[in-house]
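Structural description and commentary
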Amino acid sequence: MRLRRGAGPPGWAVGSPAGPLVLCLLCLLLALGRPLLALPSPAPSPSPGAAPDADPARHAAVARAQADSRCFLESGSSAESFFVSEDLPVGSVIGVLSVLGDPSEPHGDIALRLQETDSPVRVSPGSKNLTLMRRLDKEGIEGPASVYISIICDRKRTADPGLSIPVNIRVTDANDNAPQFVNAPYVLNISEVRTKNFPK
């Protein structure tokens, strides 16, 4: 079919200068009428100075280690101190360690042991008690006048090394060596009229 000049709307005739413009407008309308495709947003790239993420298993292990307060002292200090009278009988409990954890057997979560082998005290099995095994003496004649030991606390069911807890035991005097006076008693007579700084 041949189009005649003047047939149809103005500007639609073949060879008309407005023909290409009309075609461009139609293409633009079709493009705007179609739904736009939602493209996935790209993953954010790490900053150049940021460190790469560590292994999640290592993160979990570090978190467990930080949350594990076993074998630390309740007071937050790094050592224990006890005052013991020199007349305390052998076999008595000197004191109780304020260490966090349960040393009971067999279901406890910590184990306490003494580092020294010749100490006058020992840790009672399954407890936090320090028990006197040899007599103490303030004068150092019949026993040690002071005791310094180290308690090793092991966390059960872990490969962590044991923690060392220094323990200082100070011996107090029981006045068991009272002074002895020769040729006692003594008698001394002093006059009431005696002046100050008068020679004896």
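Notes on the structure in this doc start here. Every value quoted in this text rests on a predicted model; they were computed, and no experiment measured them.

Examining the pattern of salt bridges
Taken as a whole and judged by the stated rule, the model has four salt bridges. Measuring nitrogen to oxygen at the nearest pair gives 2.8 Å for the salt bridge that ties Arg 70 to Asp 68. Between Arg 113 and Asp 154 there is a salt bridge; the shortest N-O distance is 2.7 Å. Highlighted residues: Arg 113 in strand E3 (residues 110–114) and Asp 154 in strand E6 (residues 146–155), separated in sequence by 41 residues. Take Arg 113: its relative accessible area is 43%, and that puts it in the partly exposed class.

A word on unusual backbone geometry
Looking along the chain, the bond that leaves Glu 105 and enters Pro 106 is cis, with omega of 0°. Secondary-structure assignment places Pro 106 in the loop between strand E2 (93–96) and E3. With a phi angle near 75°, Cys 71 is a residue other than glycine that sits in the positive phi range. With respect to the secondary-structure elements, Cys 71 resides in the loop between helix H2 (56–67) and strand E1 (80–85).

A closer look at the pairing of E6
In terms of burial, E6 is a largely internal element, eight of the 10 residues being buried. Here E3 runs beside E6; their pairing, made up of five bridges, is antiparallel. By the bridge assignment, Ile 110 is partnered in E6 with Arg 155. Where E6 and strand E7 (residues 163–172) come together, eight bridges link them in antiparallel fashion. Bridge pairing links Val 147 to Ile 169 in E7.

So, how was this worked out
- Residues numbered from 1 in each chain as written.
- Predicted model: local features only at pLDDT ≥ 70, side-chain atom pairs only at ≥ 80, totals over all residues.
- Heavy atoms only, no water.
- Salt bridge = Lys/Arg side-chain N within 4 Å of Asp/Glu carboxyl O.
- Helix = DSSP H or I, 4+ residues; strand = E, 2+ residues; numbered from the N terminus.
- Buried < 20%, exposed > 50% of the residue type's maximum accessible area, 1.4 Å probe, protein only.
- Pairing = 2+ DSSP bridges.

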